[in-house]
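# Understanding the architecture of this molecule
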Amino acid sequence: MVAGNSLLVSLVKLVDKLPMPSEPSKRGRGKPRTYSDRLIVKALVVMIVRRLYSASALLAFLEQKDNVSQDLRCLLCENGQFPSRRTWERRLKKLPESLPGLIGCLGRDLVELLRPWQWQGHAAALDSTALKTGGGVWHKKHRERGEVPHTSIDTEAGWSKSGWHGWWYGWKLHLAVAVGSVWIPLTAQLTVANTDDARVAPALLAQLPAQVRFVLGDTHYNDPDLRQDCERDNRLLVATRRGKYPHTDDGVEVRRIFHKLRSQAIEPFNNLFKSVFNWHTQMPVKGLNRSQLLALGAIFVYQLVLLYQHEHHLPVGIGIKAFLRAA
């Protein structure tokens, strides 16, 4: 019997209620899947909350004799079977491909439930934030010579620079967040740090709820193609302009208002997210695939907590770090 007083068990059970992205109508070549994506997502929730960063760590946790571990092991069975270690490794490795769609699907569902724009304009803020790799850094002089001086170096990561973080080596987490009464992550992607924000933005836009009418971004999103994409979906892109300040064109005051709204949503959310999962310094793993699994999985878990708070009539978006520590 599942323990009703375990927050982690409750979160895992909540996955059964979620809308899942539709799967391709045609199955690819190879052996049919024995276990559903939903089961793998449940395991990912356990890994994120309990900070288990490999399939082996997950299995070691589930072999413990305490009630929570045993209840979770029961929830991670399907058709009377429990996946082998190799199955967990293989399926978790493929999961990052479907996580952006899952996050977008749950984001749209949360907008319907939480109604963040009931008293405000229907706006979403775009931004990317730095996540440093868990491995060592690969300096330019060594990269150009093809030398890897130490085995700890993460050769898949990249360099980037921002006015806030300076130079960093690792990844970019690209996000769209609802600008409203509650910060709801709507869609997410994780790329190498030197990836241009405007290049990733179309994938973010494709996952936004239909209700979004204003897309707010900084100068990196001030792109003609991106503006066209927004206009095609009956949306207005509001992005800060390049050039010498102060700007004196007719729309400057309107952009200033929107920029303030954006900065009050996406930037605090980025800091809160890193604080909740203790990733201000660096990620706990190296490699693009594993970093995508954890970072996008953490966004999904954050969304899941918002849903839990809503269903249990708790203040939504408040005390998430304490909640996850207690789970």
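Computed from a predicted model, the values in this text were never measured in an experiment. (Residues numbered from 1 in each chain as written. Predicted model: local features only at pLDDT ≥ 70, side-chain atom pairs only at ≥ 80, totals over all residues. Heavy atoms only, no water.)

### A few points about the pairing of strand 5 (residues 214-217)
A regular strand places its side chains on the two faces of the sheet in alternate fashion. Here strand 1 (residues 123-132) runs beside strand 5; their pairing, made up of 3 bridges, is parallel. In the sheet register, Ala123 faces strand 5, and the bridge partner there is Phe214. As paired strands, strand 5 and strand 6 (residues 236-239) are joined by 4 bridges and run parallel to one another. In the sheet register, Phe214 faces strand 6, and the bridge partner there is Leu236. (Pairing = 2+ DSSP bridges. Helix = DSSP H or I, 4+ residues; strand = E, 2+ residues; numbered from the N terminus.)

### So, the pattern of salt bridges
Enumeration according to the criterion identifies 13 salt bridges in this entry. Between Arg86 and Glu89 there is a salt bridge whose closest N-O contact spans 3.8 Å. Placement of both Arg86 and Glu89 in helix 5 (residues 85-94) is noted, with a separation of 3 residues, approximately one turn of the helix. Residues Arg145 and Glu147 are paired through a salt bridge, measuring 3.0 Å at the closest nitrogen-oxygen approach. What you see here is one network of salt bridges that share partners, running through Asp127, Asp218, Arg262 and Glu267. (Salt bridge = Lys/Arg side-chain N within 4 Å of Asp/Glu carboxyl O.)

### Things to note about the packing of helix 2 (residues 37-50) against helix 5
Where helix 2 meets helix 5, the axes come as close as 10 Å, and the angle between the chain directions of the two elements is 90 degrees. Here helix 5 runs roughly perpendicular to helix 2, going by the angle between their axes. Residues Asp37, Leu39, Ile40, Ala43 and Met47 of helix 2 pack against Trp88, Arg91 and Leu92 of helix 5. Partitioned by chemical class, the residues of the contact of helix 2 with helix 5 number 6 nonpolar, no polar and 2 charged. (Axes fitted to C-alpha atoms, helices over the stretch in contact; angles between N-to-C directions. Parallel < 35°, antiparallel > 145°, perpendicular 65-115°, else oblique. Contact = heavy atoms within 4.5 Å. Nonpolar A, V, L, I, M, F, W, Y, C, P; charged D, E, K, R; others polar.)

Just distances and angles here, no functional claims.
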